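Observations on the model geometry
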Amino acid sequence: MEVNEVFEKVKNLFVEELGLDADKVTMDAKLEEDLEIDSLGIVEVVMAFEDEFGIEIDDEELTDVATVGQAVNLLHSKL
Amino acid sequence: MKTALVTGGSRGIGKAIALQLGKSFNVVVGYSSSKDSGDKVVAEIINSGGTASPVEIDVTNIESIENAFTTIEKEYGGVDVLVNNAGITKDNILPRLKEDDWNDVIDTNLSGSYRTSQRAIKHMMKSKWGRIVYISSIVGMMGNQGQANYAASKAGLIGLSKSIAKEMGSRNITSNVIAPGYIETDMTAFLTDEQKDNIIEQLSIKRIGKPEDIANIVSFLCTDESEYITGQVISVDGGITS
């Protein structure tokens, strides 16, 4: 799967799971500051990623994920 | 209509809770060994105009839990209300308490509730609404001779519930503990009349409790109206701990 495709899927999940405005979900957007996702929200998104992509994400892998782009790259590297 | 799962719903307190919730929820009656009793509870709810079905659920077995939830999700969409009621006793005083008996009681009463709660929470988070109730015991706060394992498991539920309440409050999910006192069930059937009289003497309300006394408060904690009550331990014990 191309990075672009991963991004589109991720964007859809953010919109569906958290009711975010699609325009706000850019590669550079910071999860906590720009998108105002709380810690439980991050968990919800991760669970949705795991279901959507059929993968498992360890907590350790998330420590460096602060932006949408970093999440997309992490998912891309695991597919 | 929302869906409630009552583990250990075929007998005793669980049965009374299932019957009561049957008035306002689709009720899934979880049973592990008593299939016939579970079927009877389901029939009773359906006869009263409710919707119910039985599901086999062994809370010590993650596969059994997964199968049960998959079945429920197919039929009703998901579990909105979880009543963790399944519990066992294996009593003995500490010097005689076998490690297996300790482990079995903790595994069913405490770890089992962790497993079902974890499985149920995903749907509740998604729908931003959920009610979890743990059936503990006053023994969890007072201790009891011969029940170190049971008391520890029931005390553990309090920490579990309070933590979930803190974690999930922002998603409109509440988590509360009910601590029954002496209630007329199979679990207390061994008490002699003399022992019962001694217990009643310590109570403010001069009778042994009924399963319905527990079901009434559980039912309220599963409503929308109870949304501001979370992380609490409510003793329903005729005043024995007051």
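Each remark here, short or long, concerns the structure printed above.
The rules behind these values
Residues numbered from 1 in each chain as written. Chains lettered and ligands numbered in written order. Predicted model: local features only at pLDDT ≥ 70, side-chain atom pairs only at ≥ 80, totals over all residues. Heavy atoms only, no water. Helix = DSSP H or I, 4+ residues; strand = E, 2+ residues; numbered from the N terminus. Rg over C-alpha atoms; globule rule 2.2 N^0.38 Å. Buried < 20%, exposed > 50% of the residue type's maximum accessible area, 1.4 Å probe, protein only. Contact = heavy atoms within 4.5 Å. Areas by Shrake-Rupley, 256 points an atom, 1.4 Å probe, with all protein chains shown as cover. Lys, Arg positive; Asp, Glu negative; His and termini not counted. Charge placed at Lys NZ, Arg CZ, Asp CG, Glu CD. Arc of directions from axis to C-beta. Salt bridge = Lys/Arg side-chain N within 4 Å of Asp/Glu carboxyl O. Pairing = 2+ DSSP bridges. Axes fitted to C-alpha atoms, helices over the stretch in contact; angles between N-to-C directions. 1 Å grid on protein atoms, 1.4 Å probe; cavity = no way out; pocket = protein on both sides within 12 Å on 5 of 7 lines; lining within 4 Å. Points joined across faces, edges and corners; volume = space filled by probe spheres on them. Nonpolar A, V, L, I, M, F, W, Y, C, P; charged D, E, K, R; others polar. Core = buried A, V, L, I, M, F, W, Y, C linked by side-chain atoms within 4.5 Å. Expected span 1.5 Å × (residues − 1). Polar contact = N/O pair within 3.5 Å; in protein donor to acceptor, adjacent residues only side chain to side chain.

1. Some points on the overall build of chain B
When its secondary structure is counted, chain B shows eight helices and seven strands. At 17 Å, chain B has a C-alpha radius of gyration in line with the 18 Å of a compact globule built from 242 residues. Seen along its three principal axes, the alpha-carbon backbone of chain B occupies a region of about 50 × 35 × 35 Å. Out of the 242 residues belonging to chain B, those deemed buried represent 50%. Once local pairs closer than 6 in sequence are excluded, the contacts in chain B between residues at least 24 apart make up 71%. As displayed, chain B has an accessible area near 11500 Å², and 49% of this comes from carbon and sulfur atoms. Between the averaged position of the 24 positive side-chain charges in chain B and that of its 29 negative side-chain charges there is a distance of 5 Å.

2. Some words on the environment of Met142 of chain B
Tracing the sequence through the fold places Met142 of chain B in helix H5 (residues 139-142). In sequence terms Met142 of chain B and Ser33 of chain B are 109 residues apart; their C-alpha atoms lie 30 Å from each other.

3. Brief notes about helix H8 (residues 211-221) of chain B
All names here are of chain B. Buried residues of H8: Pro211, Ile214, Ala215, Val218, Ser219 and Leu221, and no others. Looking straight down H8, one finds its buried side chains confined to an arc of 155°; they lie on one side. Along its buried surface, H8 packs onto helix H1 (12-21), strand E4 (81-84), strand E5 (130-135), strand E6 (173-180) and strand E7 (233-236).

4. Observations concerning the pattern of salt bridges
Applying the stated criterion across every chain, the model contains 14 salt bridges over all chains. Where Glu17 of chain A meets Lys126 of chain B, a salt bridge forms, and the shortest distance between an N and an O atom there is 3.8 Å. Separated into two different chains, Glu17 of chain A in helix H1 (residues 3-18) and Lys126 of chain B in helix H4 (residues 99-127) make up a pair that spans both. When its relative accessible area of 57% is taken as the criterion, Lys126 of chain B is described as exposed.

5. Focus on the sheet that holds E4 of chain B
All names here are of chain B. The sheet built from seven strands is open, its strands ordered E3-E2-E1-E4-E5-E6-E7 with parallel pairing. Taken across any chain shown, the strands that pair with only one partner, and hence form the sheet edges, are strand E3 (51-56) and E7. Each strand of the sheet is rotated relative to its neighbour by a mean of 20°, with strand direction disregarded. Both strand E1 (residues 3-6) and strand E2 (residues 26-31) contribute to a ladder of four bridges, which runs parallel. Across the sheet, the residue bridging to Ala4 is Val27, located in E2.

6. What about the layout of surface pockets?
Quantified by volume, the largest pocket comes out at close to 1300 Å³. Along the wall of the largest pocket there are 49 residues; nearest its centre are Gly87, Thr89, Tyr150, Thr185 and Met187 of chain B. In terms of residue count, the dominant contributor to the lining of the largest pocket is helix H7 (residues 193-202) of chain B (four residues). Partitioning the lining of the largest pocket into residue classes produces 19 nonpolar, 25 polar and five charged. Lining the second largest pocket are 20 residues, with Met47 of chain A together with Ser117, Gln118, Arg119 and Ile121 of chain B sitting closest to its centre. Those elements that place two or more of their residues in the lining of the second largest pocket are helix H2 (39-53) of chain A together with helix H3 (62-76), H4 and helix H6 (148-168) of chain B.

7. Some thoughts on the nonpolar core
Core analysis: the largest hydrophobic core is formed by 28 residues, its most contacted members being Leu5 and Ile121 of chain B. Counting residues per element, the ones that place at least two in this core are H2 of chain A together with H3, H4, E5, H6 and E6 of chain B. Not counting the four nearest positions on each side in its chain, Ile121 of chain B is found in contact with Ile132, Ile164, Met168 and Ile173 of chain B. One finds Ile17, Phe25, Ala215 and Cys222 of chain B within the second-largest nonpolar core, a separate group that totals 27 residues.

8. Overview of H1 of chain A
Residues and elements named next belong to chain A. Taking 1.5 Å per residue as the helical rise, H1 with its 16 residues ought to reach 22 Å, and the 22 Å between its terminal C-alpha atoms agrees with that figure. In this structure, the buried residues of H1 make contact with H2 and helix H3 (68-78). The positive-phi residue at the C-terminal boundary of H1 is Gly19, with phi of around 65°.

9. Quick notes on the side chain of Thr116 of chain B
Residues and elements named next belong to chain B. Along the chain, Thr116 falls in helix H4. Among the polar contacts made by the side chain of Thr116, one reaches the side chain of Asn84 at a distance of 2.5 Å. In contact with Thr116, not counting residues within four places along its chain, are Thr7, Ile57, Val59, Ile65, Phe69, Leu82 and Asn84.

10. Section: the environment of Ser235 of chain B
Residue and element names in this part refer to chain B. Relative to the helices and strands, Ser235 resides in strand E7. Between the C-alpha atoms of Ser235 and Asp39, which are 196 residues apart in sequence, the distance is 30 Å. Leave out the neighbours within four places in its chain, and Ser235 touches Ile138, Met141, Ala179 and Thr241.

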